[in-house]
Amino acid sequence: MRLGKVDPAFAARVKADTGIDLSGLEEAIDTAQVQHAFNKHGPGNEQDRRQEPISPEAISVYRDAVRNYDKVKARRSKKSGMTLTFEKRVDGVIVVVEQVRTGQGTFSFFDMWIKKAS
């Protein structure tokens, strides 16, 4: 599902912090990627003791967490291409990974987990 163009102010902030230009891309979310996040990090599936299971409520606020991030890190891999990892401190630390798909013109949800606050 495409959610609209990336906000220009957000794109400028990400470019200043990472060098990655999101201008003109559309934000998107794919149910297969949300399902992947729940299968890996949802209730009963999260294996990392340093993390809390994600919930539907966490998914519902992921866009706010991304837009108002505390930290962002860019990474390129052969498997995933260019991804941006956003961290936002809420109760724990919400971590959202978004994939930059310039060929498809999208900036898309890729994965999510919640680190326990330290």
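For the structure itself, consult the block above.
Residues numbered from 1 in each chain as written. Predicted model: local features only at pLDDT ≥ 70, side-chain atom pairs only at ≥ 80, totals over all residues. Heavy atoms only, no water.

Go over the overall build of the protein chain, please, and point to the residues and values.
Within the protein chain, the regular secondary structure consists of 4 helices and 7 strands. Secondary structure elements of the protein chain, listed N to C terminal, follow the sequence β-α-β-α-β-α-α-β-β-β-β. For 118 residues, the compact-globule estimate of 2.2 N^0.38 gives 13 Å, and the protein chain sits close to it at 14 Å. The principal-axis extent of the C-alpha atoms belonging to the protein chain is close to 40 × 30 × 25 Å. Relative to its 118 residues, the protein chain shows a buried fraction of 43%. Restricting the contact set of the protein chain to residue pairs at least 6 apart, pairs at least 24 apart contribute 47%. If you average the places of the 20 positive and of the 16 negative side-chain charges in the protein chain, the two averages end up 6 Å apart. (Helix = DSSP H or I, 4+ residues; strand = E, 2+ residues; numbered from the N terminus. Rg over C-alpha atoms; globule rule 2.2 N^0.38 Å. Buried < 20%, exposed > 50% of the residue type's maximum accessible area, 1.4 Å probe, protein only. Contact = heavy atoms within 4.5 Å. Lys, Arg positive; Asp, Glu negative; His and termini not counted. Charge placed at Lys NZ, Arg CZ, Asp CG, Glu CD.)

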